[in-house]
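Reading the structure
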Amino acid sequence: QNMLEELLIHKPDDPIEFMINHLKQSNDDAPRICVLGPPASGKTTVAMWLCKHFNAIHVSQETLLFKEVLTQTEEAKAYKERNQKIPNALWANLIQERLSNVDCIKQGWILEGFPENQEQAWMLQSSGIFPRHVVMLYAPDTVLIERNGGKRIDPLTQEVFHTTFDWPSDPLVQQRLVKPEDLSEQEVSRKLLEYHRNFPEIFHIYRKVLKSINADQPSLDVLSQVLAFVQTRHRSAAPFTPRILFFGPPGSGKSLQAALLAQKYDVVNICCGQLLKEAVAENTKLGELVKPYIDNGCPVPDNLVLKLLTERLSALDCLTNGWVLSGFPRDLEQGEQLQKARINPN
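Computed from a predicted structure; not experimentally measured.

Another point: the domain arrangement of the protein. By domain assignment, the protein separates into domain 1 (31-231) and domain 2 (243-341). Using only C-alpha atoms to locate each centre, domain 1 and domain 2 end up separated by 53 Å.

Once that is clear, we can look at the pattern of salt bridges. Under the defined criterion, the tally for this structure stands at five salt bridges. In this structure, the salt-bridge partner of Arg190 is Glu187, at a minimum N-O distance of 2.8 Å. Here Arg190 pairs with Glu187, and both are found in helix H11 (residues 185-205), just three residues apart, close to one helical turn. The partly exposed category is assigned to Glu187, whose relative accessible area is 21%. In this structure, Lys291 and Asp295 form a salt bridge, with 2.8 Å as the shortest nitrogen-oxygen distance. In this pair, Lys291 and Asp295 are both assigned in helix H15 (residues 285-295), four residues apart and thus about one turn of the helix distant.

Our focus in this paragraph is the packing of helix H3 (residues 43-54) against helix H12 (residues 219-230). Contact pair H3 / H12: the axes reach a minimum separation of 11 Å and the direction vectors enclose 55°. By the criterion of interaxial angle, the relationship of H3 to H12 is oblique. Considering how the two elements wind past one another, H3 and H12 form a crossing that is right-handed. Seen from H3, the contacting residues are Val46, Trp49, Leu50, His53 and Phe54; seen from H12, they are Val222, Leu223, Val226, Leu227 and Val230. Classifying every residue of the contact of H3 with H12 by side-chain character gives nine nonpolar, one polar and no charged.

What follows covers unusual backbone geometry. In this model, Phe114 is joined to Pro115 through a cis peptide bond whose omega is 5°. Inspection of the secondary structure puts Pro115 in the loop between strand E3 (109-112) and helix H8 (118-126). Geometrically, the link from Phe328 to Pro329 is a cis peptide bond, its omega value of 5° lying close to zero. As for its position among the elements, Pro329 is in the loop between strand E10 (323-326) and helix H18 (332-340). The backbone of Ala40 shows a phi angle near 65°, a positive value even though the residue is not glycine. Secondary-structure assignment places Ala40 in the loop between strand E1 (32-36) and H3.

All right, on to the nonpolar core then. Among soluble globular proteins, nonpolar side chains are generally buried collectively. Ile95, Leu111 and Tyr206 are the most contacted members of the largest nonpolar core, which has 29 residues in total. A total of five residues in this core trace back to one element, the largest contributor, which is helix H6 (residues 88-99). Other than its neighbours up to four places away in sequence, Leu111 contacts Ile33, Cys34, Val35, Val59, Ile95 and Leu124. Counting 23 residues, the second largest nonpolar core, distinct from the first, contains Ile33, Ala139, Leu227 and Phe229.

This next bit is on helix H14 (residues 272-281). Because an α-helix packs 3.6 residues into every turn, residues spaced three or four apart end up facing the same way. Regarding H14, the residues found buried are Cys272, Leu275, Leu276, Ala279 and Val280. In an axial view of H14, the angular spread of the buried residues amounts to 135°, which keeps them on one side of the axis. H14 presents Lys277 and Ala281 as exposed residues on the side facing more than 90 degrees away from its buried surface. With its phi angle positive at about 55°, Asn283 sits one or two positions after the end of H14.

Spatial strand order, E8-E10-E9: three strands in an open sheet with parallel pairing. Two strands in the sheet have a free side with no partner beyond their single neighbour: strand E8 (243-246) and strand E9 (268-271). In this sheet, neighbouring strand axes are inclined to one another by 15° on average, regardless of whether the strands run parallel or antiparallel. The sheet contact formed by E9 and E10 spans four bridges and is parallel. If you follow Cys271 over to E10, its bridge partner there is Ser326. Here H14 sits on the sheet and contacts E9 and E10; the angle it forms with E9, its principal contact strand, is near 85°.

Contact geometry of H14 with helix H16 (residues 302-313) gives a least axis separation of 11 Å together with a crossing angle of 90°. Classed by the angle they form, the pair H14 and H16 counts as roughly perpendicular. Contacts from Cys272, Leu275, Leu276 and Ala279 in H14 reach Val305, Leu308, Leu309 and Arg312 in H16. Taken together, the residues that form the contact of H14 with H16 break down as seven nonpolar, no polar and one charged.

It is worth spelling out the packing of aromatic side chains at this point. Across all of its chains, the model carries three aromatic pairs by this definition. Here Tyr195 and Phe199 contribute two aromatic rings whose centre-to-centre distance is 5.7 Å and whose plane-to-plane angle is 35°, an arrangement assigned as tilted. Of this pair, Tyr195 and Phe199 both sit in helix H11, four residues apart, which is roughly one turn of the helix. Relative accessible area serves as the criterion here: at 17%, Tyr195 is assigned to the buried category.

Conventions we followed
- Residues numbered from 1 in each chain as written.
- Predicted model: local features only at pLDDT ≥ 70, side-chain atom pairs only at ≥ 80, totals over all residues.
- Heavy atoms only, no water.
- Domains from an automatic or database assignment.
- Salt bridge = Lys/Arg side-chain N within 4 Å of Asp/Glu carboxyl O.
- Helix = DSSP H or I, 4+ residues; strand = E, 2+ residues; numbered from the N terminus.
- Buried < 20%, exposed > 50% of the residue type's maximum accessible area, 1.4 Å probe, protein only.
- Axes fitted to C-alpha atoms, helices over the stretch in contact; angles between N-to-C directions.
- Parallel < 35°, antiparallel > 145°, perpendicular 65-115°, else oblique.
- Left-handed = near helix turned anticlockwise from the far one by under 90°.
- Contact = heavy atoms within 4.5 Å.
- Nonpolar A, V, L, I, M, F, W, Y, C, P; charged D, E, K, R; others polar.
- Core = buried A, V, L, I, M, F, W, Y, C linked by side-chain atoms within 4.5 Å.
- Arc of directions from axis to C-beta.
- Pairing = 2+ DSSP bridges.
- Phe/Tyr/Trp six-rings, centres within 6.5 Å; stacked < 30°, edge-to-face > 60°.

As C-alpha cells, this is what we get:
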C-alpha cells in the first residue's frame, strides 16, 4: 500500500525501477508517527519514549535547527536569531529533507509538534509525507499552565522533566537541568489560544489516522494508550473476503455471535452441526452416509464432516461473500485436517 501511495505521489518515468528501489530501501513496517498537542501536554516525553521503544528517529523543530546539518538550516536559524517566525514553507522543506534520509526511511520517524496549522499539514501532504498514526494529546488549559512552570530540560539529552511529576533520580542530571526560555505564563496562554484556533483544521485533515489521548493522567497510562494506538494497523480499502472461524466452550455464544456477524457483514453463516442435519434432511449422498451416526447419537467421522465442509465452502456464495464457521474444528487433529483441505481462515 505504501509503495502504491509513493507511485501516485511521485509519478516516476520508470515505475518498475521505482518499485524495485522502493523495495530495496523502504521498510513499510517502520513507524511514521506525528505527536501533536498544546504546550506542556507532554509531546516531547511521548515522542522520545516512542523513539526508544521503536528505535526510530526523533524529529522536532529543535532537532532540525540545532542537531541537523540540512540545506536550509542556516536560513531557518537566521529567522530564529532575528526573533522572526520561520515560514511554513521553510519548515516543510527542512522536514521533507530530513525524513527522506536513509535512517528515517529504514528506522521510521516520530515527528513532534508539527504540523501546527492547516497550511503546514497541506505542505507535508504535497511533499508526500503522510503519517500512519497521529497522536493528539489534550488536557485542560489550567492544568497545562500549571504544568508549564515546573518544566525542565536536560541540555545534554534534550529529555524533558518536571519538578513535581517527573523529577530525575540521578543527582548529576538534576544539577544540569535548565528552565526553557520562552515559557512565561503569558507566552503559554498565547500559544494555547493559537493552538485552539488551529486544532479543528488539523483534526479534520488527519481524522482517519488520529487518536486523541488525555494527557492529564499518570504518564505510564498515557504511554500505554499511545503505544496501543500506534501498534494498530488501519483497515485497508482493498477488496477483502472474510473467512472467519469461531471458537469457544459450550454455552459461550458462538452460534449467536456468528449469526450476528453474518447479518452485519453479509457473509455466509455455517454451523457445522446444522450443516450435517441439512445434508441428512436433503437426502444427499453424503447425507445418507451421515444419517446412521446422527440417528445413533454417535460422532460423525472427521472425513465425512470435512467433505461436507469443503463442498459447502466451495459454493459460489461463500467464495464471493466470505463465511463464518462455528462448531469445527474441535481439536488439534481436526484443525490440521482443515489445513490439509486448504480451508484457511484469515
